[in-house]
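The primary structure of each chain is shown beneath.
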Amino acid sequence: MATNRTFTMIKPDAVENGHTGAILEKINAAGFRIVAMKKTQMTKRDAETFYGVHSERPFFGELVEFMTRGPIIAAILEKDNAVEDFRTLIGATNPAEAAEGTIRQLYATSIGENAVHGSDSDENAAIEGAFHFSGREMF
Ligand code: RTP
Ligand code: MG
């Protein structure tokens, strides 16, 4: 995958709360092109694998429970400097610390239920995109 791509999920809280359209609008307005997108639900095993880097953290069980409780929107996005610019667009992990106008400041509920995921490196963007999509689903 090219390094001008990132991977995102609109998390179960934001989908449940009806924020999917507003979040996609912000992503579009920020200049990201949709390479791949689908509505899906992660299994426990999916979430444990996807967030495996956090397996020793105290919030891991809660995170897996949360990420599997309902559908998500998974997407691969393309833009110059995609990973960094998308992390700026979503804001800090804790919505209480997220900058004004960021997706998490607007739509997240708590540090755990924080509306969106954004890859933290080009390498992880490629791994995470491939976790959810086959090459035939990327355009
Ligand atoms: P993400 O990977 O979802 O984009 O979030 P992030 O980089 O901003 O934060 P990270 O440290 O990677 O944490 C992954 C997700 O775990 C949940 N979390 N809960 N209860 C807590 O203290 C806590 N800390 C993190 C959040 O859902 C966070 O996005
Ligand atoms: Mg992260």
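Residues numbered from 1 in each chain as written. Chains lettered and ligands numbered in written order. Predicted model: local features only at pLDDT ≥ 70, side-chain atom pairs only at ≥ 80, totals over all residues. Heavy atoms only, no water.

Here we come to the overall build of the chain. Scanning the chain from terminus to terminus reveals seven helices and four strands. Mapped from its N terminus to its C terminus, the chain presents α and β elements in the order β-α-α-β-α-α-β-α-α-β-α. Computed over the C-alpha atoms, the radius of gyration of the chain is 14 Å, within 12% of the 14 Å expected from 2.2 N^0.38 for a compact globule of 139 residues. Projecting the C-alpha coordinates of the chain onto the three principal axes gives extents of approximately 35 × 35 × 25 Å. Sorting the 139 residues of the chain into buried and exposed places 44% on the buried side. Across the chain, the fraction of contacts at a sequence separation of at least 24, relative to all contacts at a separation of at least 6, is 78%. For the chain, the exposed surface amounts to about 7,200 Å²; the carbon and sulfur share of it is 49%. Positive and negative charge centroids in the chain, built from 14 and 20 side chains respectively, lie 5 Å apart. (Helix = DSSP H or I, 4+ residues; strand = E, 2+ residues; numbered from the N terminus. Rg over C-alpha atoms; globule rule 2.2 N^0.38 Å. Buried < 20%, exposed > 50% of the residue type's maximum accessible area, 1.4 Å probe, protein only. Contact = heavy atoms within 4.5 Å. Areas by Shrake-Rupley, 256 points an atom, 1.4 Å probe, with all protein chains shown as cover. Lys, Arg positive; Asp, Glu negative; His and termini not counted. Charge placed at Lys NZ, Arg CZ, Asp CG, Glu CD.)

The next point concerns the UniProt feature "domain: Nucleoside diphosphate kinase-like" (unreviewed entry) in the chain. Per the UniProt record, "domain: Nucleoside diphosphate kinase-like" (unreviewed entry) is found at residues 3-137. Span residues 3-137 is 41% helix and 18% strand, its end C-alpha atoms 18 Å apart. (UniProt positions renumbered as here; feature names shortened; annotations may be inferred.)

A few words on the packing of aromatic side chains. This model, assessed by the stated rule, comprises four aromatic pairs. On the basis of an interplanar angle of 50° and a centroid distance of 5.9 Å, the ring pair of Phe7 and Phe50 is categorised as tilted. Remark: Phe50 occurs in helix α3 (residues 44-50) and Phe7 occurs in strand β1 (residues 5-10); sequence separation between them is 43 residues. Phe50 shares its class with Phe7; the two are buried. (Phe/Tyr/Trp six-rings, centres within 6.5 Å; stacked < 30°, edge-to-face > 60°.)

Residues in close proximity to ligand 1 total 13 residues, the closest being Lys11, Arg87, Thr93, Gly112 and Asn114. At a separation of 2.8 Å, an oxygen atom of ligand 1 approaches a polar side-chain atom of Arg87. A distance of 3.0 Å is found between an oxygen atom of ligand 1 and a backbone nitrogen or oxygen belonging to Gly118. In isolation ligand 1 exposes 560 Å². Once the protein is present, 82% of that is buried. More than half of the atoms of ligand 1 fall within 2 Å of the grid points belonging to the largest pocket. (Near = heavy atom within 4 Å. Polar contact = N/O pair within 3.5 Å; in protein donor to acceptor, adjacent residues only side chain to side chain. 1 Å grid on protein atoms, 1.4 Å probe; cavity = no way out; pocket = protein on both sides within 12 Å on 5 of 7 lines; lining within 4 Å. Sits in = over half its atoms within 2 Å of the grid points.)

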